[in-house]
Amino acid sequence: MRKLSMEELGRLSAEDFKHAPKTPVMIVLDNIRSMHNVGSVFRTADAFLASGICLCGYTPQPPHRDIHKTALGATETVDWLYFPTTLDAARALREKGYTLYAVEQAQGSIPLEQFVPGAGDKIAVIFGNEVGGVDAGVLQFCDGCIEIPQLGTKHSLNISVAAGIVLWKLAEPIFLNREKTTE
């Protein structure tokens, strides 16, 4: 066994990324404090060809060296928008036809492994602040909540880890369809 070279991985160039069809998922960051978390979410958004990121409230915005440190250039490929409040972002996304899901432990939340979006649905996933989670007012505006089941003693995951898990799940049908077409 050997590691693949960068050429063998066949990654998109930044220009090809901009024109590639995107996963119909918009990421919304609700008052995230950590620049490292924001950079990590950019990098994950790039990995799964997310439609873009909404940075809300006091969530840090590129360009910044601490965001770049974890984004590793993904701020140049992933489209992003800034909104003064997360509710502003949620309203704008709903007007564009997105179904809104908070990633939160809430009454009636859907366990991630049971979440099945409709084919072609445009989904916005809202990730909350590192301490307080998704704002209660935003939660009331959402169409539903997705919860990542956990087995240990902690009741939450780092936002960048949660984003990776949720985006993998939402992109999984694309990977499965790709496998079918290459068989």
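Here, every reference points to the structure presented above.
These remarks concern the structure in this document. (Residues numbered from 1 in each chain as written. Predicted model: local features only at pLDDT ≥ 70, side-chain atom pairs only at ≥ 80, totals over all residues. Heavy atoms only, no water.)

**Regarding the overall build of the protein chain**
Along its length, the protein chain carries 7 helices and 7 strands. In the protein chain, the order of α-helices and β-strands from amino to carboxyl end is α-α-β-α-β-α-β-α-β-β-β-α-β-α. The C-alpha radius of gyration computed for the protein chain amounts to 16 Å, which stays within 12% of the reference 16 Å derived for 183 residues, consistent with globular compactness. Summarising its shape, the C-alpha atoms of the protein chain cover approximately 45 × 40 × 40 Å along the three principal directions. Looking at the 183 residues of the protein chain, the share that counts as buried comes to 41%. The contacts in the protein chain between residues at least 6 apart in sequence include a share of 82% that link residues at least 24 apart. With an accessible surface of roughly 10600 Å², the protein chain has 55% of that area assigned to carbon and sulfur atoms. In the protein chain, 17 positive and 21 negative side-chain charges are present, and the distance between their average locations comes to 4 Å. (Helix = DSSP H or I, 4+ residues; strand = E, 2+ residues; numbered from the N terminus. Rg over C-alpha atoms; globule rule 2.2 N^0.38 Å. Buried < 20%, exposed > 50% of the residue type's maximum accessible area, 1.4 Å probe, protein only. Contact = heavy atoms within 4.5 Å. Areas by Shrake-Rupley, 256 points an atom, 1.4 Å probe, with all protein chains shown as cover. Lys, Arg positive; Asp, Glu negative; His and termini not counted. Charge placed at Lys NZ, Arg CZ, Asp CG, Glu CD.)

**Let's talk about the sheet that holds strand β5 (residues 110–111)**
Across the sheet, which stays open at both edges, the 7 strands sit in the order β3-β2-β1-β6-β4-β7-β5 with parallel pairing between neighbours. Edge strands, defined here as strands with exactly one partner in the open sheet, are β3 (80–83) and β5. Pairing analysis gives 5 bridges linking strand β1 (residues 23–30) to strand β6 (residues 123–127), with the strands arranged parallel. For Val25, the partnering residue across the bridge sits in β6 and is Ile123. Those strands touched by helix α3 (residues 35–47) are β1, β2 (50–56) and β3, and its axis lies near 165 degrees from that of β2. (Pairing = 2+ DSSP bridges. Axes fitted to C-alpha atoms, helices over the stretch in contact; angles between N-to-C directions.)

**Describing the pattern of salt bridges**
Considering all chains together, one arrives at 6 salt bridges under this definition. Overlapping salt bridges bring together Arg65, Asp66 and Lys69 as one network. (Salt bridge = Lys/Arg side-chain N within 4 Å of Asp/Glu carboxyl O.)

**Things to note about the pairing of β1**
A large share of β1 lies buried, amounting to 7 of its 8 residues. Here β1 pairs with β2 via 6 bridges, running parallel. Paired with Met26 across the two strands is Gly52, which belongs to β2. Between the parallel pair β1 and β2, the chain is carried across by α3, and the sense of this crossover is right-handed. (Right-handed = clockwise from strand over helix to strand, strands pointing away.)

**Regarding the packing of aromatic side chains**
Counted according to the given criterion, the structure contains 2 aromatic pairs. On the numbers, 6.2 Å between centres and 55 degrees between planes, the contact of Phe48 with Trp168 is tilted. With Phe48 in the loop between α3 and β2 and Trp168 in helix α7 (residues 159–182), this pair connects stretches of sequence that are 120 residues apart. Directly above the ring of Phe17 sits Lys22, whose terminal nitrogen or CZ lies 4.8 Å from the centroid. Cation over ring: Arg94 sits above Phe141, and NZ or CZ is 4.3 Å from the ring centre. (Phe/Tyr/Trp six-rings, centres within 6.5 Å; stacked < 30°, edge-to-face > 60°. Lys NZ or Arg CZ within 6 Å of the ring centre and 35° of its normal.)

**With respect to the environment of Ala102**
Of note, Ala102 is situated in strand β4 (residues 99–103). Along the backbone, Ala102 and Thr153 are 51 residues apart, and their C-alpha atoms lie at a distance of 22 Å.

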